[in-house]
Amino acid sequence: MTDIMQKITLGILGLGTVGGGTVNVLQRNTEKISGRTGVEIHIKSALVRSLNSERICDCSGIQMTTDHLDIVNDPEIDIIVELIGGDTLAKECLEIAIANGKHVVTANKALIAKYGNELFAKAEANNVSIAYEASVAGGISIIKALREGMSGNEIEFIAGIINGTGNFILTEMLEKGRDFSDVLAEAQALGYAEADPTFDVEGIDAAHKLAILAAIGFGMPIDFESVYTQGISGLALEDLKYAQELGYRIKHLGVAKRTENGIELRVHPTLIPEKRLIANVNGVMNAVLVRGDAVGNTLHYGAGAGAEPTASAIVSDIVDVVRRISSGNHSASAVPHLGVAAELLQTQKIVTVSEFSCGFYLRLTVNDEPGVMAQVTQIFAEKNISIEAIIQKEPTDEQKIVQIILLTEECREKLLDECIQEIQSLSAIQAPAVKIRVEHLS
Ligand code: HSE
């Protein structure tokens, strides 16, 4: 590094898994990053919970503080890197930083999903940018791909495995027969899970990410509250296995789809034909399938969580902001935060769950007695819903209880629910039906 090289100064909020990974990547690749930006990036200070904790990175030369104001009000700091998560202190930090004319890089999907619209407006009014690539799908550059790489397309749908913890759990359960809570504990130890892991297993984290992607894809304000959200905690291993038997995999999928009735925004366990690449995305890996009218299908794949994959996206955002500062273009207007100037974003009608349209997997627990199958199929025939596949398992005990598993063609969820209601009233039915949505993604 030469003495005449411009220096840009960072303050990092949070030195946990992702913060520590970010420092490691910045330090290890410092020469390469300076070569790419023509700028020396200096980490001046870091906000920590405790000054004495063990860290995964070398913090020599970094001033540590437990007071966020030391960093967000420091006039020497150009860029705030927010990695504390949550939406209270993090929000306050961003607001102060923006008001102080600092750019922000953040991995905080909860914050962007809930407050992105107002934070982006504040950033634009203060001529600074908020870079948030790491907020969705860890190391995959999906925000840049969607916002910039696919800007010539009308986006038809986005379907993504966007929670690494959930995908890790489903993979380990199916492949190794492991217990749900056991795998979740391992995901926490590996630094994949959120501070509150119910965000992972109940789909909230994926809903945050889907809301962000949908806003970019469909040119609308972020609308997290409208995302239909169902987690994986209620999934039974036998359904993962039956789905496999039928030639499918169950993935926790986020779907944002343009339909004639409006935009479907939904996160739920989903059967996907095993021949689709995305059905074979396993472990902590994430993948996002985006279909544009010009490009067709594109699949974006990579590690969705973990210290350095997430740091990869954070550092690329730092590089973007550094380039913007060093070129003298501080403004966010060249690439609007959501890909469309804030005043041109269009609120869209969001489809309610009863109007969703997809295929369905149903598992019925019934008495093994003559005529049950005929009664069930008759109910579907009356609603004009075609059954695509059906299997019946032999009774496994004296009680003569059997499982019937069937797949329907695509239909309105409301119609399917009416069928389920009628089926539940049959005398042979022994347990509530299990319903899982199916997406062919073809
Ligand atoms: N808990 C998140 C996940 C981290 O498992 O995907 C990355 O956003």
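Computed from a prediction, not measured in an experiment: that's the story for all the values here.

A. Summary view of the overall build of the chain. Per the secondary structure count, the chain includes 14 helices and 17 strands. A compact globule built from 442 residues should have a C-alpha radius of gyration of about 22 Å, and the chain, at 24 Å, falls within 12% of that. Along the first, second and third principal axes, the C-alpha set of the chain runs to 85 × 45 × 35 Å. A burial count over the chain gives 54% of its 442 residues as buried. Partitioning the contacts of the chain with sequence separation of at least 6, the portion at a separation of at least 24 is 74%. With 37 positive and 58 negative side-chain charges, the chain shows a spacing of 3 Å between the two charge centroids.

B. Region of the structure containing the packing of aromatic side chains. Applying the stated rule across the entire model yields three aromatic pairs. Centre to centre, the rings of Tyr228 and Phe356 are 5.7 Å apart; their planes meet at 85°, and the pair counts as edge-to-face. Residue Tyr228 is found in strand 8 (residues 228-229), and its partner Phe356 is found in the loop between helix 12 (307-326) and strand 13 (357-367); the two are separated by 128 residues along the sequence. Take Tyr228: its relative accessible area is 25%, and that puts it in the partly exposed class. A relative accessible area of 1% places Phe356 in the buried class. The ring of Tyr115 has Lys91 sitting right over it, with the charged end atom 4.6 Å from the ring centre. Between the NZ or CZ atom of Arg266 and the centre of the ring of Phe356, over which it lies, the distance is 5.1 Å.

C. Region of interest: the pattern of salt bridges. Counted by the stated rule, this structure contains 33 salt bridges. Among the ionic pairs, Arg412 bridges to Glu355, the shortest N-O distance being 3.5 Å. Note that Arg412 is positioned in strand 16 (residues 411-412) and Glu355 in the loop between helix 12 and strand 13, a separation of 57 residues in sequence. Judged by its relative accessible area of 30%, Arg412 is partly exposed.

D. Looking closely at the nonpolar core. Counting residues in each nonpolar core, the largest one holds 54 residues, and the members touching the most others are Ile130, Ile142 and Leu265. For this core, the elements supplying multiple residues, two or more each, are helix 3 (68-72), helix 4 (89-99), helix 5 (109-125), helix 6 (142-149), strand 7 (155-161), helix 10 (204-218), strand 10 (262-273) and strand 11 (285-292). Looking at which element gives the most residues to this core, the answer is helix 10, with ten residues. Residue contributions to this core reach at least three from each of two domains, namely domain 1 (6-140 + 307-344) and domain 2 (142-303). Sequence-distant contacts of Ile130, that is, excluding residues within four places in its chain, are made with Leu94, Ile98, Val104, Thr106, Ile112, Leu119, Phe120, Ala123 and His337.

E. Inspection of helix 2 (residues 30-37) at higher detail. Every buried residue of helix 2 is accounted for by Ile33, Ser34 and Thr37. All buried residues of helix 2 project into a common sector of 100° when viewed along the axis, lining one side. Seen from the buried face of helix 2, the exposed residues on the opposite side, beyond 90 degrees, are Glu31, Lys32, Gly35 and Arg36. Looking at the packing, one finds that the buried side of helix 2 touches helix 1 (17-28), strand 2 (39-47) and helix 12. Just past helix 2, the residue Gly38 takes up positive phi, approximately 70°.

F. Broad picture of the site of the ligand. The environment of the ligand is formed by Lys109, Asn163, Gly164, Thr165, Tyr192, Ala193, Glu194, Asp200, Asp205, Lys209, Gly304 and Ala305. Separating an oxygen atom of the ligand from a backbone N or O atom of Gly164 is a distance of 2.7 Å. Between the ligand and Tyr192 there is a distance of 2.7 Å, counted from a nitrogen atom to a backbone nitrogen or oxygen. Surface burial for the ligand is 94%, taken as the share of its 250 Å² of free accessible area covered by protein chains. Where the shell around the ligand is concerned, the elements lending two or more residues are helix 7 (164-176) and helix 10.

G. Highlighting the state of the cysteines. Per the stated rule, a full pass over the model turns up zero disulfides. Free cysteine: Cys57, not disulfide-bonded; nearest cysteine sulfur from Cys59 at 3.6 Å. Of the cysteine sulfurs around Cys93, a residue in no disulfide, the closest is that of Cys59, at 18 Å.

H. Structural detail: the side chain of Asn163. Relative to the assigned elements, Asn163 resides in the loop between strand 7 and helix 7. Side-chain polar atoms of Asn163 contact the side chain of Asp200, separated by 2.7 Å. Excluding its chain neighbours within four sequence positions, the residues that come into contact with Asn163 are Asp200, Asp205, Ala206, Lys209 and Asn286.

I. Just the domain arrangement of the chain, in detail. Its domain assignment divides the chain into domain 1 (6-140 + 307-344), domain 2 (142-303) and domain 3 (354-438). Put simply, the middle of domain 1 and the middle of domain 2, counted by C-alpha atoms, are 26 Å apart. For the pairing of domain 1 and domain 2, the buried interface totals around 2,100 Å² over both sides, and the portion due to carbon and sulfur atoms is 66%. If you sort the residues of domain 1 by the area they bury against domain 2, Lys109, Val136 and Ile140 come out on top, with a joint share of 29%. Linking domain 1 with domain 2 are three salt bridges. Across the salt bridge formed by Asp205 and Lys109, the nearest N and O atoms sit 3.1 Å from each other. Taken together, domain 1 and domain 2 are joined by ten residue pairs in polar contact (both at pLDDT 80 or more). Elements that contribute at least two residues to the side of domain 1 that touches domain 2 include exactly helix 5 and helix 12. Partitioned by chemical class, the residues of the side of domain 1 that touches domain 2 number 14 nonpolar, eight polar and four charged.

J. Representation of helix 5 within the structure. At Tyr115, helix 5 shows its strongest bend, of approximately 85°. Of all the positions in helix 5, only Lys109, Ala110, Leu111, Ile112, Ala113, Gly116, Leu119, Phe120 and Ala123 are classed as buried. Against the buried residues of helix 5 lie strand 4 (79-82), helix 4, strand 5 (103-106), strand 6 (130-131) and helix 10. The opening residue of helix 5, the one whose side-chain oxygen lies 3.3 Å from the backbone nitrogen of Ala110, is Asn108. Of the residues one or two after helix 5, Asn127 is the one with positive phi, at around 60°.

Calculation rules
- Here, residues in each chain are numbered from 1, in the same order as that chain's written sequence.
- With pLDDT at 70 or above as the cut-off, local features in this predicted model cover only qualifying residues; side-chain atom pairs require 80 or more to be listed or tallied, and sums for whole chains, interfaces and linings still use all residues.
- Where side-chain values are given, they derive from all heavy atoms of the structure, hydrogens and water being excluded.
- Helix and strand definitions here come from DSSP, where helices need a minimum of 4 consecutive H or I residues and strands a minimum of 2 consecutive E residues; each element is numbered from the N-terminal end.
- Values of the radius of gyration come from C-alpha atoms, whereas the globule rule sets the reference at 2.2 Å times the count of residues to the power 0.38.
- Relative accessibility under 20% of the residue-type maximum defines a buried residue, over 50% an exposed one, and the middle range a partly exposed one, all with a 1.4 Å probe and only protein chains included.
- The criterion used for residue contact is that any of the two residues' heavy atoms lie within 4.5 Å.
- Within this scheme the basic residues Lys and Arg register as positive and the acidic residues Asp and Glu register as negative, but His and the chain ends are omitted.
- Charge coordinates come from a single atom per side chain, which is NZ of Lys, CZ of Arg, CG of Asp or CD of Glu.
- Here the aromatic set is Phe, Tyr and Trp, taking the six-membered ring for Trp, and pairing holds for ring centres within 6.5 Å; pairs whose planes are under 30 degrees apart are stacked, those over 60 apart are edge-to-face, and all others are tilted.
- Only Lys NZ and Arg CZ are tested; either one counts as a charge over a ring when it is within 6 Å of the ring centre and within 35 degrees of the ring normal.
- Criterion for a salt bridge: a side-chain nitrogen of Lys or Arg within 4 Å of a carboxyl oxygen of Asp or Glu.
- Nine residue types can take part in a nonpolar core, namely buried Ala, Val, Leu, Ile, Met, Phe, Trp, Tyr and Cys, and a core is a set of them joined through side-chain atoms within 4.5 Å.
- Domain limits in this description derive from either an automatic procedure or a database domain assignment.
- Each direction from the helix axis to a C-beta atom contributes to the arc, which is the arc of those directions.
- Each residue is tested against the molecule or strand, and it is near if at least one of its non-hydrogen atoms lies within 4 Å.
- Whenever two N or O atoms come within 3.5 Å, that pair is a polar contact, provided that in protein one can donate a hydrogen and the other can accept it, and provided that, for residues adjacent in sequence, both atoms are side-chain atoms.
- All accessible areas in this document rest on Shrake-Rupley with a 1.4 Å probe, and a residue is counted as covered only by the protein chains that are shown.
- When the sulfur atoms of two cysteines come within 2.5 Å, that pair is taken as a disulfide.
- Summed over both partners, the accessible surface that disappears when two parts come together, traced with a 1.4 Å probe, is what is meant by buried area.
- Note on residue classes: Ala, Val, Leu, Ile, Met, Phe, Trp, Tyr, Cys and Pro are nonpolar, Asp, Glu, Lys and Arg are charged, and everything else, Gly too, is polar.
- Bend at a given residue is defined as the angle between two axes, one fitted to the seven residues that end at that position and one fitted to the seven that begin there.

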